[in-house]
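Read off the chains here:
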Amino acid sequence: MRLGDLNGDGNKELLLARPGPTGYLSSLTAVNLDGEVLWQRGTADVPEPDLGPELPVQIHDLDGDGSREVIYLQGKTVFILHGRNGRYAAGYSPELSFVPSSLAFADVRNVGRRNCPVLSDGTGHVAVFDERFRLLWERKVENGCLPLIRDLNGDGLDDVVMGFVAFDHEGRTMFNVGEYIKDKCEGVAVSTFRTGERQVKCLVFAAGDWGQLYVDFQGHVLKQNIQGHVAFLSAGDFDLERPGLEIVSSNQWGSEGEVHVCDETGKVFSRFVARSGPHRCQPVNWKGDGEEFFLSAADSVSGGLLDVLGQQAVAFPDDGHPVRSYQVLDLTGDARDEILVWDASQIRIYTQSDNPRMGKTYDPERPDLFNYSTSRMVSSLPGW
């Protein structure tokens, strides 16, 4: 599922992407928040796919004309549709040495908007293009992950972090912290790290059996936490009584608890076994007061929103809702998050009983919707 304002009405619409048996997209269906189908392209009546594959599809105003397009790939071929009606707008056959499984966008040409597609296979290859999908540069790394788009060196241009390697806007290697790490990079998030009175911006890598790795924007390793096999992590303000941001990580094996919570110095202050098992640690701005929960799972028995001690703060109702997939974002405009849950047959959206919230409301900085991925690590940085 992708979300964005497809028809220019100021509201977010849903784009349902369904893979076929070959892994290519079988159909795209645009739906508004009232459940009305706006348009459909392809065949949706294929067997329900298994969870897992990342799909190279996004909603973005690629050409900067004020209207959003749907951009997706079938193999190595790019298709661009008008977001309003799903009609064909353009197509490209970019120069590629791999088959992409993810699509994101960066500003590597100083145009003031993220109009350069970044394609990746999520394991080692990454390539950056101009908005007409002409190749700017391509690189290959060991132990890759989904790319992180961020200006690390302060030059106003986006850099690309692929696995443990950071590349500048021209594809030059800025640093490689994975030269001696012999495990896959599961992903990377942006956070802050405190040493004494000094706070620095940093990257936090989910480094598998190598645990959790804190690295500053110049590539200096600040701290390593061995926590078993770290598969997911997120950064956010999960505890208002502690300064700075916390990191919540989920481990698949080899640790005392499946979930660890670290303060801004990288010290573990909470560990527990979640009833739902390992999960994505998705930050949720539910209260709007500056402190976030995280989502463990969508079911009404073992899921819900958890606090830093692993206690269930908000439970899902026992109403037969889907539990297979979920996504978190603000849909109503009051800055707090709604929670979407869905499976192949239905979608439900949950919000707060006091929506909309009046007054000053916490509005954290999250990755752009047009760079969304179900497999990404999430950074939820302070904002009001």
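Everything below is about the structure printed above this text.
What comes next is a walk through the structure. (Residues numbered from 1 in each chain as written. Predicted model: local features only at pLDDT ≥ 70, side-chain atom pairs only at ≥ 80, totals over all residues. Heavy atoms only, no water.)

Focus on the overall build of the protein chain
Scanning the protein chain for helices and strands turns up zero helices and 32 strands. In terms of overall size, the protein chain behaves like a compact globule, its C-alpha atoms giving a radius of gyration of 20 Å where 384 residues would be expected to give roughly 21 Å. For the protein chain, the C-alpha atoms occupy an extent of roughly 55 × 50 × 40 Å along the three principal directions. Evaluated residue by residue, the protein chain yields a buried proportion of 56% over its 384 residues. If you take every contact in the protein chain between residues at least 6 apart in sequence, the share linking residues at least 24 apart comes to 44%. (Helix = DSSP H or I, 4+ residues; strand = E, 2+ residues; numbered from the N terminus. Rg over C-alpha atoms; globule rule 2.2 N^0.38 Å. Buried < 20%, exposed > 50% of the residue type's maximum accessible area, 1.4 Å probe, protein only. Contact = heavy atoms within 4.5 Å.)

Things to note about the sheet that holds strand 16 (residues 173-176)
Spatially, four strands are ordered 13-14-15-16 in an open sheet, and the strand pairing comes out antiparallel. With partners counted over all chains shown, the strands left at the sheet margins are strand 13 (148-150) and strand 16, one partner each. Direction aside, the axes of adjacent strands within the sheet are offset by 20 degrees on average. Across three bridges, the pairing between strand 14 (residues 159-162) and strand 15 (residues 165-167) is antiparallel. Of the residues in strand 15, the one forming a bridge with valine 161 is alanine 166. (Pairing = 2+ DSSP bridges. Axes fitted to C-alpha atoms, helices over the stretch in contact; angles between N-to-C directions.)

Let's talk about the sheet that holds strand 26 (residues 293-297)
The strand order 25-26-27-28 describes an open sheet built from four strands, whose pairing is antiparallel. If you trace the sheet from one side to the other, it starts and ends with strand 25 (282-284) and strand 28 (312-314), each paired once. Going across the sheet, the axis of each strand differs from the next one's by a mean of 50 degrees, ignoring polarity. Relative to strand 27 (residues 304-306), strand 26 runs antiparallel, the two sharing three bridges. Pairing of alanine 297 across the sheet is with glycine 304, part of strand 27.

Some remarks on the environment of phenylalanine 316
Relative to the assigned elements, phenylalanine 316 resides in the loop between strand 28 and strand 29 (325-329). Linking phenylalanine 316 and isoleucine 347, residues 31 residues apart in sequence, is a C-alpha distance of 14 Å. Those residues in contact with phenylalanine 316 that sit more than four places away from it in its chain are Leu295, Ala297, Ala298, Asp299, Ser300, Gly304, His321, Ile339, Val341 and Tyr350.

Quick word on the layout of surface pockets
Within this model, the second largest pocket holds a volume of roughly 710 Å³. Along the wall of the second largest pocket there are 38 residues; nearest its centre are Pro147, Leu148, Asn371, Arg376 and Met377. Within the residue set of the lining of the second largest pocket, elements represented by two or more residues are strand 9 (102-106), strand 13, strand 17 (187-195) and strand 21 (230-236). (1 Å grid on protein atoms, 1.4 Å probe; cavity = no way out; pocket = protein on both sides within 12 Å on 5 of 7 lines; lining within 4 Å. Points joined across faces, edges and corners; volume = space filled by probe spheres on them.)

A look at the nonpolar core
Formed by 20 residues in total, the largest nonpolar core has its most connected members in Leu152, Val161, Phe164, Phe175, Val177, Leu203 and Phe205. If you list the elements that add at least two residues to this core, you get strand 17, strand 18 (198-206) and strand 19 (212-216). Not counting the four nearest positions on each side in its chain, phenylalanine 175 is found in contact with Leu152, Phe164, Val165, Ala166, Leu203, Val215, Asp216, Phe217, Gln218 and Gly219. Counting 15 residues, the second-largest nonpolar core is a separate cluster that includes Ala90, Leu119, Ala127 and Phe370. (Core = buried A, V, L, I, M, F, W, Y, C linked by side-chain atoms within 4.5 Å.)

Notes on the environment of lysine 184
Tracing the chain through its elements places lysine 184 in the loop between strand 16 and strand 17. Overall, the relative accessible area of 32% leaves lysine 184 in the partly exposed class. Lysine 184 sits 47 residues away from alanine 231 along the chain, and the two C-alpha atoms are 9.7 Å apart. Those residues within four positions of lysine 184 in sequence are excluded, and the remaining contacts are Gly122, Asn143, Gly144, Cys145, Phe164, Ala206, Ala207 and Gly208.

Things to note about a nonpolar patch on the surface
On the surface, a cluster of nonpolar side chains totalling about 200 Å² of accessible area is made up of Leu33, Ile347 and Ile349. You can see isoleucine 347 is positioned in strand 31 (residues 347-350). Isoleucine 347 sits in the partly exposed class, given a relative accessible area of 31%. (Patch = residues over 30% accessible without salt bridge, like charges linked within 9 Å, V, L, I, M, F, W, Y side chains within 5 Å. Areas by Shrake-Rupley, 256 points an atom, 1.4 Å probe, with all protein chains shown as cover. Salt bridge = Lys/Arg side-chain N within 4 Å of Asp/Glu carboxyl O.)

Section: the environment of proline 367
The residue proline 367 is located in the loop between strand 31 and strand 32 (378-379) in this model. Placed 343 residues apart in sequence, proline 367 and tyrosine 24 show a C-alpha to C-alpha distance of 25 Å. For proline 367, the contacting residues outside a window of four places in its chain are Arg376 and Ser379.

Remarks on the side chain of histidine 260
With respect to the secondary-structure elements, histidine 260 resides in strand 23 (residues 259-262). On the accessibility criterion, histidine 260 (3% relative accessible area) is buried. Within the local environment of histidine 260, its side chain forms a polar contact with the side chain of asparagine 251, the two groups lying 2.7 Å apart. (Polar contact = N/O pair within 3.5 Å; in protein donor to acceptor, adjacent residues only side chain to side chain.)

Observations concerning the state of the cysteines
In the structure shown here, the tally under the stated rule is zero disulfides. Summary of cysteine pairing: cysteine 116 is not part of a disulfide, and the nearest cysteine sulfur, belonging to cysteine 145, is at 20 Å. Judged by its relative accessible area of 0%, cysteine 116 falls in the buried class. Free of any disulfide, cysteine 185 has its nearest cysteine sulfur in cysteine 145, 3.8 Å distant. (Disulfide = S-S within 2.5 Å.)

Description of the packing of aromatic side chains
Under the counting rule described, the total for this entry stands at 11 aromatic pairs. Relative to phenylalanine 133, the ring of phenylalanine 129 has its centre 6.0 Å away and its plane inclined at 40 degrees; by these criteria the two rings are tilted. The pair formed by phenylalanine 129 and phenylalanine 133 is uniform in burial state, with each residue classed as buried. On the basis of an interplanar angle of 20 degrees and a centroid distance of 6.4 Å, the ring pair of phenylalanine 272 and phenylalanine 294 is categorised as stacked. Taken together, the residues span a long stretch of sequence, with phenylalanine 272 in strand 24 (residues 268-272) and phenylalanine 294 in strand 26 at a distance of 22 residues. Given a relative accessible area of 11%, phenylalanine 272 falls into the buried group. One aromatic cluster is present, formed by Tyr92, Phe129 and Phe133 through successive ring pairs. (Phe/Tyr/Trp six-rings, centres within 6.5 Å; stacked < 30°, edge-to-face > 60°.)

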